[in-house]
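Geometric and topological summary
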Amino acid sequence: MALFDYTLEATSGHARAGSFETAHGIVRTPLFMPVGTSATVKGIRPETLHEIGAQIILANTYHLSLRPGADLVEEAGGLHSFMNYSGPILTDSGGFQVFSLADTLKLDEDGLTFKSIYDGSKIRWTPESNMEIQQKLGADIVMQLDQCTPYPAEYDFVDHAVELSANWARRCLAAHARSDQTLFGIVQGGMELDLRMKSIELLTAINDESIANGHKGFGGFGIGGYSVGEEHEVMFETLGAVAQSLPENKPRYLMGVGNPTTLVKAVGVGVDMFDCVLPTRIARHGMAMTSQGRINIKNARYEKDFTPLDPECDCYTCKNYSRAYLRHLFRCNEGLGSRLMSIHNLRFLLSLTEQARKAIREDRFGDFKAELFK
């Protein structure tokens, strides 16, 4: 298997199990990526990430380009050396963060100008400069610079974003040169199915043109512009058609989704990869994802509950600590509580995707999904 070539190993309905190799190891889909925005998954050691089964983690180009800067990370030997993480890493382009700062953003056909959230300095990005930054950071997978549209948005605005994102995808592909990295294109189009299909047609044409010219094309496709304020039911009106219209021999990455039931439902319509800050963010507020549903460990009902956080979980937290102790940590504002809860929530989602993969390989994904929802 050549580097980044996706192998489809099994299907169950539209759900897919596959794998591809990176310079830092093989990853197997479906998978969830813990988010390490600033080259760290908050409070979690790299060794712990390996222990809980993380195959690949995500870091953020926007934040890292500002602090500590791509040049410093490159001087340190790239992200893997800088953060002492030996597994595969994905960097997003930072486009989502930039477009979320609409009041400081100036957009044109060539690129975008924005202000740093740290010191207010003016920054200019083009597709080419964004690729230069991501190549310096040195992740295994990098994402194109695109225009992420909010929800709701006018049809013509979304249409223009599709055109602009496709043009930028072509430029990113031309500028990307590292053979030990792969570049993913990103599908946009808001909640408009025809614009989503247009985005896919444009990206696949760019991919095929690149390959015809002796280059490597896209290693996979991100599905962006969902989970931007719409109800998840609205997302699923188009997500299945979008995922199933993407090339079968490329991984499909739904960006920014980490709710357990939404994740499993998305696997069922053909999505392979996911990321989200949700599991660690809610953990810091005492919220746990469990096989019985979400619980708030700060609730008084857990004061004398000496059972594990989730009796069906195999994580370090559930093997060693009780709900009563975790509640005590949060009541005393001890940082260990957030760390233990984060370990659990991440392991919960990683285990969920492992179970989904097993169910797909055994062609019983429908039963697995039904049992989960029940």
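This is a predicted model, so every value here is computed, not measured.

**What about the pattern of salt bridges?**
- Taken as a whole, this structure holds 19 salt bridges when the rule is applied.
- The salt bridge involving Lys198 is made with Asp159; its shortest N-O contact spans 2.7 Å. Taken together, the residues span a long stretch of sequence, with Lys198 in helix H8 (residues 193-212) and Asp159 in helix H7 (residues 155-175) at a distance of 39 residues.
- Among the charged side chains, a network of salt bridges with common partners joins Asp108, Asp110, Arg124, Glu128 and Arg171.

**Comments concerning the packing of helix H11 (residues 260-268) against helix H16 (residues 365-373)**
- Look at H11 against H16: their axes get within 11 Å of each other, and the N-to-C directions meet at 160°. Here H11 is positioned roughly antiparallel relative to H16, judged by the angle of their axes. The hand of the H11/H16 crossing is left-handed. From H11, Thr261, Val264, Lys265, Val267 and Gly268 reach across to H16, where they touch Phe365, Phe368, Lys369, Leu372 and Phe373.

**Quick word on the sheet that holds strand S1 (residues 7-12)**
- Strand order in the open sheet formed by 3 strands is S1-S2-S3, and the pairing between neighbours is antiparallel. Looking at which strands have only one partner, the edges of the open sheet turn out to be S1 and strand S3 (25-29). The sheet shows a mean angle of 15° between the axes of neighbouring strands, direction not considered.
- As paired strands, S1 and strand S2 (residues 15-22) are joined by 5 bridges and run antiparallel to one another. When the sheet's bridge partners are listed, Leu8 is paired in S2 with Gly18.

**So, the packing of aromatic side chains**
- With the rule as written, the count across this model stands at 7 aromatic pairs.
- Aromatic pair Tyr62 and Trp125: ring centres 6.5 Å apart, planes at 80°, arrangement edge-to-face. You can see Tyr62 sitting in helix H2 (residues 61-66) and its partner Trp125 sitting in strand S9 (residues 122-125), a full 63 residues away along the chain.
- Residues Tyr316 and Tyr321 carry aromatic rings whose centres are separated by 5.9 Å and whose planes lie at 65° to one another, so their mutual orientation is edge-to-face.
- A relative accessible area of 22% places Tyr321 in the partly exposed class.
- Following the ring pairs from residue to residue traces out a cluster consisting of Tyr62, Phe114 and Trp125.

**Regarding the sheet that holds strand S7 (residues 106-107)**
- Strand order across the open sheet formed by 3 strands is S7-S8-S9, with antiparallel pairing between neighbours. The sheet terminates laterally at S7 and S9, the two strands that pair on one side only.

**Brief notes about the pairing of strand S8 (residues 112-115)**
- Inspection of the sheet shows S7 paired to S8 by 2 bridges, in the antiparallel sense. Note that in S8 the partner of Leu107 across the bridge is Leu112.
- From the end of S7 to the start of S8, which pair antiparallel, there are 4 residues.
- Judged from the 4 bridges that link them, S8 and S9 form a sheet pairing that is antiparallel. Bridged to Leu112 within S9 is Trp125.
- Between the antiparallel neighbours S8 and S9 lie 6 residues, among them Gly120 with a positive phi of about 75°.

**Digging into the layout of surface pockets**
- There is about 1,000 Å³ of room inside the largest pocket.
- If you trace the largest pocket, you find 40 residues lining it, with Phe96, Gln97, Gly256, Asp275 and Val277 closest to the centre.
- Within the residue set of the lining of the largest pocket, elements represented by two or more residues are strand S5 (57-60), helix H5 (95-99), strand S14 (273-276) and helix H12 (278-283).
- Per-class residue counts for the lining of the largest pocket are 14 nonpolar, 20 polar and 6 charged.
- Computed from the structure, the second largest pocket encloses a volume of approximately 530 Å³.
- Contributing to the lining of the second largest pocket are 20 residues, with Thr290, Ser291, Phe348, Leu352 and Leu372 lying nearest its centre.

**Topic: helix H14 (residues 323-331)**
- If you check which residues of H14 are buried, you get Arg323, Ala324, Leu326, Arg327, Leu329 and Phe330.
- Those residues of H14 that are buried lie in contact with H12, strand S16 (295-296), helix H13 (316-320) and helix H15 (335-361).
- Phi turns positive, to about 60°, at Asn333, one or two residues after H14.

**Looking at the environment of Arg339**
- For Arg339, the location among the structural elements is in helix H15.
- On a C-alpha basis, the gap between Arg339 and Ile44 in space is 6.8 Å, while along the polypeptide they are 295 residues apart.
- Not counting residues within four places of it along the chain, the set of residues in contact with Arg339 comprises Gly43 and Ile44.

**Brief notes about the side chain of His176**
- Inspection of the secondary structure puts His176 in the loop between H7 and strand S11 (182-187).
- In terms of polar contacts, His176 uses its side chain to reach the side chain of Gln181, at 2.8 Å.
- Beyond its immediate chain neighbours, meaning those up to four positions away, His176 contacts Met131, Gln135, Val142, Gln181, Thr182, Leu183 and Lys216.

**With respect to unusual backbone geometry**
- For the bond running from Thr29 to Pro30, omega is 5°, close enough to zero to count as cis.
- Topologically, Pro30 is positioned in the loop between S3 and strand S4 (31-34).
- Residues other than glycine seldom take positive phi values, yet Phe4 does so here, at roughly 75°.
- Within the secondary structure, Phe4 is located in the segment before S1.
- According to the relative accessible area criterion, Phe4 is buried, its value standing at 9%.

Criteria and cut-off values
Residues numbered from 1 in each chain as written. Predicted model: local features only at pLDDT ≥ 70, side-chain atom pairs only at ≥ 80, totals over all residues. Heavy atoms only, no water. Salt bridge = Lys/Arg side-chain N within 4 Å of Asp/Glu carboxyl O. Helix = DSSP H or I, 4+ residues; strand = E, 2+ residues; numbered from the N terminus. Axes fitted to C-alpha atoms, helices over the stretch in contact; angles between N-to-C directions. Parallel < 35°, antiparallel > 145°, perpendicular 65-115°, else oblique. Left-handed = near helix turned anticlockwise from the far one by under 90°. Contact = heavy atoms within 4.5 Å. Pairing = 2+ DSSP bridges. Phe/Tyr/Trp six-rings, centres within 6.5 Å; stacked < 30°, edge-to-face > 60°. Buried < 20%, exposed > 50% of the residue type's maximum accessible area, 1.4 Å probe, protein only. 1 Å grid on protein atoms, 1.4 Å probe; cavity = no way out; pocket = protein on both sides within 12 Å on 5 of 7 lines; lining within 4 Å. Points joined across faces, edges and corners; volume = space filled by probe spheres on them. Nonpolar A, V, L, I, M, F, W, Y, C, P; charged D, E, K, R; others polar. Polar contact = N/O pair within 3.5 Å; in protein donor to acceptor, adjacent residues only side chain to side chain.

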